[in-house]
Amino acid sequence: MPRFAANLSLLYNEHPFLDRFAAAAADGFTGVEFLFPYAFAVKELAARLQTHGLQQVLLNAPPGDWDAGERGIAALPGRETEFQAGFARALEYAHALDCPRIHVLAGVLPPSADPAACHATYLRNLQWAAAQAASAGRAVLVEPINTRDFPGYLLQTQAQAHAIVQAVGAPNLQVQFDLYHCQIMEGDVATKIREYLPTGRVGHFQIAGVPGRHEPDVGELNYPYLLDVIDEVSAACGWDGWVGCEYRPRRGVVPGATREGLGWLQRRSG
C-alpha cells in the first residue's frame with residue numbers, strides 16, 4: 001500500500017502552521033509535505049519533525065513573487081540568478097530537514113514571452129538544479145499543473161513533463177504526478193499510471209478530489225480503484241515512494257475538518 005503524506009499547507013488549517021505537525025502525527029501520518037517552508041526557521045521545522053516522528057518527503061523551491069501571481073520562475077528568461085539563489089536555499093532546507101525531494105515550479109508565461117526561449121531556459125535551469133541536487137543527494141521534481149488553477153502554466157501534461165525529464169537526462173530529475181491535475185487536463189488517469197510509473201521517472205504522487213480539490217472520496221475520480229492501480233504497478237516495478245494528500249478539507253477551516261474527512265484513509269488502512 002502506498003505511504004501517505006499530509007500536505008501541511010492545505011490540511012489542518014484550523015491550527016497554526018507549526019502545530020499541524022502534531023495534528024498530522026496524531027491522525028497516523030508518518031510523512032508530511034508542504035509548499036514553502038521559508039517563513040519558518042529551519043531548526044524549528046526540524047524539531048517538529050523529530051518530536052512527532054515525521055519524515056519530510058517533499059518541499060517546493062521558492063516560486064518568485066507568489067502574492068503577485070508568480071507560480072515559479074524556472075522557465076522565465078532573465079531570472080536565472082534569482083532561480084539559482086532560491087534553489088540553493090531550498091537545498092539548505094532539504095538538507096536540514098532530511099527531505100529527499102524538491103519540486104521546482106516552471107512558471108506562468110507572460111503573454112509576450114517567446115515559448116522557445118522559455119523552454120530553453122527551463123531546460124538549462126533544470127540541468128543546473130539537478131546537478132546541484134545530485135551533489136547533495138536530493139531529487140528534483142517537475143509537475144504538470146492544470147490551467148484552470150494556474151492559467152498559462154508552462155507544464156500541463158504528463159507527456160510534456162516526461163519529455164522534459166528525458167531531454168535533461170539527469171537520473172535525479174523526476175515527475176511529480178498529481179492525479180487531480182491529470183484528471184482536469186487529460187483524464188485516462190489509470191492508463192497514465194500504468195504507462196509512466198514503470199519508467200522510473202515518477203518520483204511522487206499527489207491526490208485530491210475533482211473538481212473541488214477536496215477529499216479524494218469526493219468528486220468524479222474513483223480513488224479506491226486508482227490507489228489499487230498504484231499498489232499493483234508499484235509491486236511490479238519496485239516503486240516505494242509517497243502519495244501526498246494535497247487537498248482542501250471540504251468543511252473548510254473549522255476545528256476537526258481534516259480529521260473528519262479522513263474516512264477514505266481509514267477505510268484504506270483498515
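Just above sits the structure.
Residues numbered from 1 in each chain as written. Predicted model: local features only at pLDDT ≥ 70, side-chain atom pairs only at ≥ 80, totals over all residues. Heavy atoms only, no water.

With that settled, consider empty space enclosed by the protein. Under the definition given, this model contains 1 cavity of 30 Å³ or more. Roughly 30 Å³ of volume is contained in the largest cavity. Considering the residues around the largest cavity, the lining is formed by Ala61, Pro62, Pro63, Gly72, Ile73, Phe83, Val104 and Leu105. In terms of residue class, the lining of the largest cavity is made up of 7 nonpolar, 1 polar and no charged. (1 Å grid on protein atoms, 1.4 Å probe; cavity = no way out; pocket = protein on both sides within 12 Å on 5 of 7 lines; lining within 4 Å. Points joined across faces, edges and corners; volume = space filled by probe spheres on them. Nonpolar A, V, L, I, M, F, W, Y, C, P; charged D, E, K, R; others polar.)

For the rest of this paragraph, the subject is the pairing of strand S8 (residues 242–245). Burial of the side chains of S8 extends over both faces: Trp242 and Gly244 are buried on one face and Val243 and Cys245 on the other. Here strand S1 (residues 3–7) pairs with S8 via 4 bridges, running parallel. Along S8, the bridge assignment pairs Arg3 with Trp242. In terms of strand pairing, strand S7 (residues 202–207) meets S8 through 3 bridges, oriented parallel. Across the sheet, the residue bridging to Phe205 is Val243, located in S8. Traced from S7 through helix H8 (residues 223–237) to S8, the parallel crossover comes out right-handed. (Buried < 20%, exposed > 50% of the residue type's maximum accessible area, 1.4 Å probe, protein only. Helix = DSSP H or I, 4+ residues; strand = E, 2+ residues; numbered from the N terminus. Pairing = 2+ DSSP bridges. Right-handed = clockwise from strand over helix to strand, strands pointing away.)

Turning our attention to the packing of aromatic side chains. Applying the stated criterion across every chain yields a total of 15 aromatic pairs. Look at Phe17 and Phe21: their rings are 5.7 Å apart centre to centre, the planes differ by 85°, and that puts the pair in the edge-to-face class. Judged by its relative accessible area of 13%, Phe17 falls in the buried class. Phe21 sits in the buried class, given a relative accessible area of 0%. Taken together, a centroid distance of 5.2 Å and an interplanar angle of 80° make the contact between Phe205 and Trp239 edge-to-face. Of this pair, Phe205 sits in strand S7 while Trp239 is found in the loop between H8 and S8, placing the two residues 34 residues apart along the sequence. Within the aromatic cluster, the residues linked to one another by ring pairs are Phe17, Phe21, Phe34 and Phe40. Lying over the aromatic face of Trp66, Arg71 brings its terminal NZ or CZ to 3.7 Å of the ring centre. Above the face of the Phe150 ring, Arg71 is positioned so that its terminal group lies 5.3 Å from the ring centre. (Phe/Tyr/Trp six-rings, centres within 6.5 Å; stacked < 30°, edge-to-face > 60°. Lys NZ or Arg CZ within 6 Å of the ring centre and 35° of its normal.)

The periodicity of an α-helix, 3.6 residues per turn, causes residues three or four positions apart to be oriented the same way. Among all positions of helix H7 (residues 189–196), only Val189, Ala190, Lys192, Ile193 and Tyr196 are buried. Viewed end-on, H7 has its buried residues packed into an arc of 160°, placing them on one side of the element. Structurally, H7 contributes buried residues whose contacts are with helix H5 (158–168), strand S6 (173–178), helix H6 (179–185), S7 and H8. (Arc of directions from axis to C-beta. Contact = heavy atoms within 4.5 Å.)

Further remarks concern unusual backbone geometry. The omega torsion across Val210 and Pro211 is 15°, close enough to zero to call that bond cis. Relative to the elements of secondary structure, Pro211 occurs in the loop between S7 and H8. Residues other than glycine seldom take positive phi values, yet Asp188 does so here, at roughly 55°. Along the chain, Asp188 falls in the loop between H6 and H7. The backbone of Arg213 sits at a positive phi, close to 60°, despite the residue not being glycine. Counting through the fold element by element, Arg213 comes out in the loop between S7 and H8. Residue classification places Arg213 among the buried residues on the basis of a relative accessible area of 10%.

Mapping Leu226 onto the fold places it in helix H8. Those residues in contact with Leu226, other than ones at most four positions away along the chain, are Leu179, Val189, Ala190, Ile193 and Leu221.

Here we take up the environment of Ile164. Along the chain, Ile164 turns up in helix H5. Considering only alpha carbons, one finds Ile164 and Val175, 11 residues apart in sequence, at a separation of 9.3 Å.

With that settled, the discussion passes to the nonpolar core. With 83 residues, the main nonpolar core has Phe21, Tyr122, Ile193 and Phe205 as its most contacted residues. The element contributing the most residues to this core is helix H3 (residues 80–97), with 7 residues. Among the nonpolar cores identified, the runner-up in size contains 5 residues, and Ala5, Leu58, Leu141 and Trp242 belong to it. (Core = buried A, V, L, I, M, F, W, Y, C linked by side-chain atoms within 4.5 Å.)

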